[in-house]
Number of protein chains: 8
Amino acid sequence: MKNAYEDLGFAKLDHDRKQRTGVAEVVFCQNKPNAYLPQIFMSIYKQNGEVLGTRATQEQYEMVKEKLPQIQYDAVSRILKVEQPKERIGNIAICTGGTADISVAEEAAQTAEFLGSYVERIYDVGVAGIHRLLSQKEKLEKANCVIAIAGMEGALASVVAGLVKVPVIGVPTSVGYGASFEGLAALLSMINSCANGISVVNIDNGYGAGYIANQINQLAVK
Amino acid sequence: MKNAYEDLGFAKLDHDRKQRTGVAEVVFCQNKPNAYLPQIFMSIYKQNGEVLGTRATQEQYEMVKEKLPQIQYDAVSRILKVEQPKERIGNIAICTGGTADISVAEEAAQTAEFLGSYVERIYDVGVAGIHRLLSQKEKLEKANCVIAIAGMEGALASVVAGLVKVPVIGVPTSVGYGASFEGLAALLSMINSCANGISVVNIDNGYGAGYIANQINQLAVK
Amino acid sequence: MKNAYEDLGFAKLDHDRKQRTGVAEVVFCQNKPNAYLPQIFMSIYKQNGEVLGTRATQEQYEMVKEKLPQIQYDAVSRILKVEQPKERIGNIAICTGGTADISVAEEAAQTAEFLGSYVERIYDVGVAGIHRLLSQKEKLEKANCVIAIAGMEGALASVVAGLVKVPVIGVPTSVGYGASFEGLAALLSMINSCANGISVVNIDNGYGAGYIANQINQLAVK
Amino acid sequence: MKNAYEDLGFAKLDHDRKQRTGVAEVVFCQNKPNAYLPQIFMSIYKQNGEVLGTRATQEQYEMVKEKLPQIQYDAVSRILKVEQPKERIGNIAICTGGTADISVAEEAAQTAEFLGSYVERIYDVGVAGIHRLLSQKEKLEKANCVIAIAGMEGALASVVAGLVKVPVIGVPTSVGYGASFEGLAALLSMINSCANGISVVNIDNGYGAGYIANQINQLAVK
Amino acid sequence: MKNAYEDLGFAKLDHDRKQRTGVAEVVFCQNKPNAYLPQIFMSIYKQNGEVLGTRATQEQYEMVKEKLPQIQYDAVSRILKVEQPKERIGNIAICTGGTADISVAEEAAQTAEFLGSYVERIYDVGVAGIHRLLSQKEKLEKANCVIAIAGMEGALASVVAGLVKVPVIGVPTSVGYGASFEGLAALLSMINSCANGISVVNIDNGYGAGYIANQINQLAVK
Amino acid sequence: MKNAYEDLGFAKLDHDRKQRTGVAEVVFCQNKPNAYLPQIFMSIYKQNGEVLGTRATQEQYEMVKEKLPQIQYDAVSRILKVEQPKERIGNIAICTGGTADISVAEEAAQTAEFLGSYVERIYDVGVAGIHRLLSQKEKLEKANCVIAIAGMEGALASVVAGLVKVPVIGVPTSVGYGASFEGLAALLSMINSCANGISVVNIDNGYGAGYIANQINQLAVK
Amino acid sequence: MKNAYEDLGFAKLDHDRKQRTGVAEVVFCQNKPNAYLPQIFMSIYKQNGEVLGTRATQEQYEMVKEKLPQIQYDAVSRILKVEQPKERIGNIAICTGGTADISVAEEAAQTAEFLGSYVERIYDVGVAGIHRLLSQKEKLEKANCVIAIAGMEGALASVVAGLVKVPVIGVPTSVGYGASFEGLAALLSMINSCANGISVVNIDNGYGAGYIANQINQLAVK
Amino acid sequence: MKNAYEDLGFAKLDHDRKQRTGVAEVVFCQNKPNAYLPQIFMSIYKQNGEVLGTRATQEQYEMVKEKLPQIQYDAVSRILKVEQPKERIGNIAICTGGTADISVAEEAAQTAEFLGSYVERIYDVGVAGIHRLLSQKEKLEKANCVIAIAGMEGALASVVAGLVKVPVIGVPTSVGYGASFEGLAALLSMINSCANGISVVNIDNGYGAGYIANQINQLAVK
């Protein structure tokens, strides 16, 4: 297993990762120095024929584009990618508490789609008007995994998990103010859920939720 | 207004309080030294013909009883009182997320009843099985104020507030473990609710919620 | 109850909310994407003939104004609204500890006024000069509900609650520095008040306090 | 869906839950009052022919046993149950960092087994001697889901997730002292993992991890 | 200055301290091993003709008494001492919010008295009944320093400081529950006071407050 | 005492404060709205012939100057004032751990000087080179009060207090990074000092320390 | 490297560790189940001819003794061991702030001695009487590494590091009360030290400090 | 020892430090006022013939350069220095979890090099692809000290320490988002490591780690 990586000095690209974990290395662009980023994208692209980056800025997009003209950028999800066409199979449902959570939700959705899963979007169904969620029950029942994304008190995850048979991935978001402490309140809420079947990822970590949901969806389909 | 209190040295009993706030001084028994407690109960009883204490132990009950034989103790709510018969008017609904929250709920209920309010108990309607709460909608709609009591992620308060027209008092409880941090998770959850009409009292503060609910209920009835 | 909402894709407007809770949906403008905001305001306005938004910026005001020219913006409270003329009934008193809390106080006051309550403003009566508050006792006694707004140590809420018969809504503000931790000190202070009758909303949540105070005031008047 | 529960007054047993979520209500015994527990076990047992309780004490076991003689108690996992014989299918791997984490691991393992999953136990493979984990690679590769349980710095979850294709459920434990803050350090560590495919449950929540792992395993097998 | 201490091996008694700081070493008894405590008391007593210890238990008292029969113990303040008769000069006022704070107040009072100050006790004048404090204004105005001791929200310190010309030492206490976090709420409250002239010592640190108040009082008198 | 203030609507200037506490109201300029600030300065100046403001910006200075041309601004301490000539009496020593603490130290020093105290500045004597502090012992011994100002671990306060007979006011500063948490580490350090005679003010609160030191110094001189 | 461990089922004893890290596995006894402990001690003893355990109770000592009669227990350090005679080389100085820190200091000292280092004990030299530390300068200068152990504000580490050329290992202890938060204040203090050459281990982790100090000492001697 | 410093008024340069600790004063440039910085660099340079500054900005570089033209600036490490040529001896290995940690790593590396140590850089070997680290084992075994630098969950330090015989200095970094709380998660992780031989410095404190590693390396070589 040793040495199955490409050493760029500033980075050791883990080309063995696809073999080991089923998914090639994904680039976390936030705060990556400009000097390194295009080279990292190029190298992974050459190895895999496609490449996915998260939390990219418009400026990073333009810099990478100079070397890799087919790169695509989505400003809502901040995803930067070259993607091979592929069938999207199975079913992942992604719910948000509000409109302000959509940026995180799209990071999750587009990650899962990149990895080959079909995604159903169910946005703005927070618990202050619970009938909006209850009216989506049919869609929820078709999913192999549900992602529940909410800020403030993050109660959505508990209510969703009380309604479905499949795993719920909770994503607390930094939406809120004051004692939300930039997502900590929602994180604690989801971690302490009284409902069964919820596990949680980091605040605003749409990518992580999309990754796990795809793992579960692929297990269910295959 | 000055000097409208009785000075026992270790305590200055605020006999003006009933005049000022509508309610005579209530005794917070927790950690009150044995040497002082019976005298405090006696003095308030003499002034008002009744007396209410919270968070009392069995041992405190027995000590006070020696001086004030008509004192009554309820081990679930830990309330210690002499109560004059009175009509209970209006309507306060008290919901709990689970069975383990009942001790706090009874502190709230019996406080509100002591102060003259009618209380409707709706226990164990947590969001993991949301239909249990939804089936109580008629009861909720009759209330002038709802108290929502829950530990763990405390999501109950948000869901209730999305269903009613009246103020909801959230009471986070210390029920839970791990990252519930003895009620902090539920407290943050309720303070950050996405629903309108929720205000919050301290963790396990059933007394405080019962007091405020009675204030609101009396305003509504009169 | 199901489906009583308008689905805009990015948002599911809860038009049933007025029926259920007595108040139509209010728009929390903070961080709402520019692409969505005007449409949300228009839709609620059409449904109700008026619309209320909070935490709006000047830029958001100008964007909404293009579609809804009668919209009005107040830079102190950051409230964005179209309001139908209505009688303001009952009495809510709003106290602040200092001058820097006025922005939060105006959010509370204008929310309560929009919902139909009469508001008495009592600003800059913090406990460092307690005689300023004590001299307002007559005004306090006329209120059906008092909102106490303070940053730093937030002691105002406790002192007010010791003086009145009606519920006090405490609003901690982020005014302060150092170990105020952007309002956490005031929040903890109010949640732990030794006085009866205080419940608390989120840091800087003037809107929430105004909403609840109006609920209580309407119950008292009707 | 309404009213599909049994109302015991102190509890509303959610008999609809098995229909909705695939699993009947599980009893969280911790701090449940003695007066209520046996009745709750009996009622669920009658409905389902089996019953599972977690975090039970020896004393609770003896009390329930009086009414339900076939009840069984395991002192390591603190699980209290009546279980119908069933085939255990699929494959879940459960790793612990140390020997002190075994109590939580057994709660997870026995929950998953009760729900019908086959479990592979891989205990005491913490990262201070990483070769112990690496030598288990074959076992890890057979699993449909891995549960990684660790206290102190909780690094095990990240290392495991870097080695497998399937979802990893991280369970931080309260094992440790000082700045472990009773499991908070491990929780933060797992939530911030640099590896893909980790989602996290509450500190010491073996039950929750076993529940989710079974959900994933069943999806994979079926 | 070097070596002006007595080396007992397990302790280096700072006999130079009286020269340097005006006060001989005081023994913090909490958790001091039984094997060491009597020897430490004896040594300081021999050096100074008197000795003061804080946070002592009944058991420690009895152990020290065997070696030093004239030792005296007060169970309320937990002070253990041999004291030479001395005049008590000047004036320190000590206020508490409630009856439960008296243990801390007595530690402060008896420390200041041991060090030669006159102390005025003003107990149970918390802000929920502010007239009790206002009626003590004459006593407050005679003091060279005021100690304000309160748990829960600790608002007493701010109100006192708004009334007097002299320094106020705030002592937060661990009296309270839930989100008081064993005195943290009161500590933050006092540190963030909007009033001038407040400085703060550790939670329940009556000794420290008594020490500083005596320093100030002695400066004022001399 | 009632009504001894000037009501500007947005502010109630506490002109009674000088009578009550010995010092006229001081203006905390931070975040004060531009519309209010000049009027507040003018009003206090007219009442007292001088006025002191803290945490002022250059922009606020220029705005106030238009109305009050004799106003003076110091960019290091951020103090904005009109000061009457007065004798500076007694002796206050102000120590800092480092050069970066000087801004806070000057706020303390200039406040105490404004209030009539003589100040000795002893800057950059942090404990990493303890001989720098020890060489200042003569200056320390002349003071009636010492202010110890330090960020990072804030150890300076403890060492100073071990050397002097007079009260030490500890001022934690936000100097530092990482786990200093913007002054929290220094605050906790000073609050938990093993030395006697330290009380603490808020992070970066040079003003508060100068105020109290002046109180003590005036008591000592008079 | 694989499989170089002994699998006891509940534990995988890392017998390769001595080869890899120079030191055989040490047993952290705290909360280790009684059923497992004696077997673990026996197995390591057989492999290495000696064995070291930390945080052992008297009860654990007696249980292990039944199987391993030559085991020795020290109640102060709570160390449980069988030790081969060996030369103690080099020089490690261990300082404590107070007498209450000696338990942690002895854990460090006896660990380092077990591993072959000479230890110089310098106890009770806290910064409140700095001359006690300064008078030990000669001893400090002979050490290859210094361990500084202190609770409360933990300032000792900074002062020591300002005096020596060699690495200082800071050990915060849980000695203190109130806002020491069981050692957190001392931990933050040491992590933020303004002095060079300090690195920190967990609260009360005498063992860890002794281990590292021995590593450094051995490097220096060899 | 007294007075062995140069008094610039705003700073007391500790020229005795090289004598005492082996290393001349190093300048922490962050937030140092422009007016003071060049003079401090000049003074230390004159005393020692070289000078090292950390956390310098481009702007500070240009300002110092006017007075000290031979000054050199590295934008990655933010180190500002004049360095005398010297032999670099021994061996320090510096590992990072990712590419984003390189800025902190270079601060550590260049500090150690300035102080005379040879440094081996091993970057981007985080635990998500553990084979990258394992393949560097030979390099690790040559080091007298290893610095492990990582953000997010900081697991790298534990894994490294399980592989080597020498001390590991853990440097948590602020790389991450959400519940990493700007490095706190990594700090807690490293402080609670289950592996032996790790001590920790402040978040992002590359300088401190380089300083200590050099101390250890010099002890090992000499």
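Visitor: In this structure, what is going on with the overall build of chain A? I would like to understand it.
Guide: In terms of regular secondary structure, chain A is built from nine helices and eleven strands. Against the 2.2 N^0.38 benchmark of 17 Å for 222 residues, chain A shows a C-alpha radius of gyration of 18 Å, consistent with a compact globule. In terms of overall dimensions, chain A has a C-alpha envelope of 50 × 45 × 30 Å along the principal axes. Across the 222 residues that make up chain A, the buried fraction comes to 71%. When contacts within chain A are restricted to residue pairs at least 6 apart in sequence, long-range pairs at least 24 apart make up 66% of them.

Visitor: I would appreciate a short explanation of a negative patch on the surface in the present structure.
Guide: A cluster of acidic residues, Glu182 of chain A, Glu182 of chain C, Glu182 of chain F together with Glu182 of chain H, forms a negative patch at the surface. For Glu182 of chain H, the location among the structural elements is in the loop between β10 (168–172) and α8 (184–191).

Visitor: Please explain the state of the cysteines as it appears in this structure.
Guide: By definition, a disulfide is the covalent link that joins the sulfur atoms of two cysteine residues. Under the definition given, this model contains zero disulfides over all chains. Cysteine Cys194 of chain A is unpaired, with the sulfur of Cys95 of chain B as its nearest cysteine sulfur at 14 Å. In this structure Cys194 of chain A comes out as partly exposed when scored by relative accessible area, which is 29%. No disulfide involves Cys95 of chain B; its nearest neighbouring cysteine sulfur is the one of Cys145 of chain B, lying 11 Å away. A relative accessible area of 0% places Cys95 of chain B in the buried class.

Visitor: Even after reading the chapter, I still don't get the domain arrangement of chain A, so can you show me in this structure?
Guide: For an interface, size is often stated in terms of accessible area lost upon the parts coming together. All names here are of chain A. Structurally, chain A comprises domain 1 (6–82) and domain 2 (89–221). For the domain 1 face of the interface with domain 2, the top three residues by lost area are Leu52, Arg55 and Val76, together amounting to 34%. The salt bridge partner of Arg55 is Glu107, with a shortest N-O separation of 3.9 Å. Remark: the boundary between domain 1 and domain 2 carries four residue pairs in polar contact (both at pLDDT 80 or more). Elements with a minimum of two residues in the side of domain 1 that touches domain 2: β4 (51–54) and β6 (79–82).

Visitor: Would you take a moment to explain the interface of chain C and chain B for this structure?
Guide: Chain C puts 32 residues into the contact, and the matching count from chain B is 32 residues. With both sides pooled, the region where chain C packs onto chain B buries about 2,900 Å², and carbon together with sulfur makes up 55% of that total. For the pair chain C and chain B, the number of links is twelve residue pairs in polar contact (both at pLDDT 80 or more). When contributions to the side of chain C that touches chain B are tallied by element, the ones reaching two or more residues are α1 (17–21), α8 (184–191), β11 (198–200) and α9 (206–221) of chain C. The element contributing the most residues to the side of chain C that touches chain B is α9 of chain C, with seven residues. Considering only residue class, the side of chain C that touches chain B consists of 16 nonpolar, eleven polar and five charged.

Visitor: Just to check I follow, could you spell out the side chain of Ser189 of chain A for this structure?
Guide: Assignment of secondary structure puts Ser189 of chain A in helix α8 (residues 184–191). Residue classification places Ser189 of chain A among the buried positions, given a relative accessible area of 1%.

Visitor: Please clarify how the relation of the copies chain C and chain B should be interpreted in this entry.
Guide: Both copies of the chain are placed relative to one another by a rotation about an axis and a shift along it. Of the transformation placing chain C onto chain B, the axial shift is 0.0 Å and the rotation is 180 degrees, giving an RMSD of 0.0 Å. The transformation relating the two chain copies, once decomposed into turn and shift, fits a two-fold axis. A high fraction, 100%, of the interface residues of chain C reappear at the interface in chain B, so the copies pair face to face through one surface.

Visitor: Just checking my understanding: could you explain the relation of the copies chain A and chain D for this structure?
Guide: For these two chains of identical sequence, chain A goes onto chain D by a turn of 180 degrees and a shift of 0.0 Å along the axis, with RMSD 0.0 Å. When the interface residues of chain A are mapped onto chain D, 100% of them are again interface residues, pointing to one common binding face.

Visitor: Whenever I open this one, the environment of Gln110 of chain G confuses me. Can you help?
Guide: Residues and elements named next belong to chain G. Here Gln110 shows up in helix α4 (residues 102–114). On the basis of relative accessibility, which here comes to 12%, the residue Gln110 falls in the buried class. Sequence spacing of Gln110 and Asn205 is 95 residues, and the spatial spacing of their C-alpha atoms is 13 Å. Beyond its immediate stretch of four places on either side in the chain, Gln110 contacts Asp74, Ser77, Ile79 and Arg121.

Visitor: Just to check I follow, could you spell out helix α3 (residues 58–67) of chain C for this structure?
Guide: Quick reminder: α-helices carry 3.6 residues per turn. Residues three or four places apart thus point the same way. Residue and element names in this part refer to chain C. Inspection of α3 places Gln60, Tyr61 and Val64 among the buried residues, and these make up the whole buried set. Burial along α3 is one-sided: seen end-on, the buried residues are contained in an arc of 100 degrees. Exposed side chains of α3 directed beyond 90 degrees from the buried face belong to Glu59 and Glu66. Looking at the buried side of α3, the elements it contacts are α2 (37–48), β5 (72–74) and β6 (79–82).

Visitor: Hey, could you run me through the sheet that holds strand β5 (residues 72–74) of chain D in this one?
Guide: To summarise the sheet geometry, strands pair through backbone hydrogen bonds and adopt either a parallel or an antiparallel arrangement. Residue and element names in this part refer to chain D. Across the sheet, which stays open at both edges, the four strands sit in the order β3-β4-β6-β5 with mixed pairing between neighbours. Taken across any chain shown, the strands that pair with only one partner, and hence form the sheet edges, are β3 (27–28) and β5. The pairing of strand β4 (residues 51–54) with strand β6 (residues 79–82) spans three bridges and is classified as antiparallel. When the sheet's bridge partners are listed, Gly53 is paired in β6 with Leu80.

Visitor: Looking at this model, I keep getting lost on the interface of chain A and chain D. Mind explaining?
Guide: Between chain A and chain D, the contact holds 32 residues from the first and 32 residues from the second. Summing both sides of the interface, chain A and chain D together bury roughly 2,900 Å²; the carbon and sulfur share of this comes to 55%. On inspection of chain A and its partner chain D, the count reaches zero salt bridges. Counting the contacts that link chain A with chain D gives twelve residue pairs in polar contact (both at pLDDT 80 or more). Listed by contribution, the elements that provide at least two residues to the side of chain A that touches chain D are α1 (17–21), α8, β11 (198–200) and α9 (206–221) of chain A. A per-element tally of the side of chain A that touches chain D places α9 of chain A first, with seven residues.

Parameters at a glance
The residue count restarts for each chain, going from 1 along the sequence in the order it is written. Written order determines the labels here, with chains lettered from A and ligands numbered from 1. Note on the predicted model: pLDDT of at least 70 is required for a residue's local features to be given, and 80 or more for side-chain atom pairs to be given and counted; whole-chain, interface and lining totals, by contrast, use all residues. Excluding hydrogens and water, the side-chain values take into account all heavy atoms of the structure. To qualify as a helix, a DSSP run of H or I must reach at least 4 residues; to qualify as a strand, a run of E must reach at least 2; elements of each kind are numbered from the N terminus. Our radius of gyration looks at C-alpha atoms and nothing else; its globule reference is 2.2 Å times the residue count to the power 0.38. Buried means the residue's accessible area, taken with a 1.4 Å probe over protein chains only, is under 20% of the maximum for its type, while exposed means over 50%, and partly exposed covers the values in between. The criterion used for residue contact is that any of the two residues' heavy atoms lie within 4.5 Å. A patch consists of residues exposed above 30% relative accessible area that lack any salt bridge, with like charges linked at up to 9 Å and nonpolar side chains (Val, Leu, Ile, Met, Phe, Trp, Tyr) linked at up to 5 Å. Only the protein chains shown count as cover for residues, with accessible areas throughout obtained via the Shrake-Rupley method and a probe of 1.4 Å. Here, a salt bridge means any side-chain nitrogen of Lys or Arg that lies within 4 Å of a carboxyl oxygen of Asp or Glu. Working convention for charge: Lys and Arg count positive, Asp and Glu count negative, and His plus the chain ends are omitted. Note that the charge is assigned to NZ on lysines, CZ on arginines, CG on aspartates and CD on glutamates. Cysteine sulfur atoms are paired as a disulfide whenever they fall within 2.5 Å. Each domain's limits were defined by an automated method or a database of domain assignments. Summed over both partners, buried area is the accessible surface (1.4 Å probe) that two parts give up on being assembled. Between N or O atoms, a polar contact is any pair within 3.5 Å; within protein, one atom must be a potential hydrogen donor and the other a potential acceptor, and residues adjacent in sequence are included only when both atoms are from side chains. Nonpolar residues are Ala, Val, Leu, Ile, Met, Phe, Trp, Tyr, Cys and Pro. Charged residues are Asp, Glu, Lys and Arg, and all others, Gly as well, are polar. Least-squares superposition of the copies uses the C-alpha atoms of those residues scoring a pLDDT of at least 70 in each of them. Throughout, the arc means the angular range of directions from the helix axis out to the C-beta atoms. By definition, two strands form a pair when at least two bridges between them are found by DSSP.

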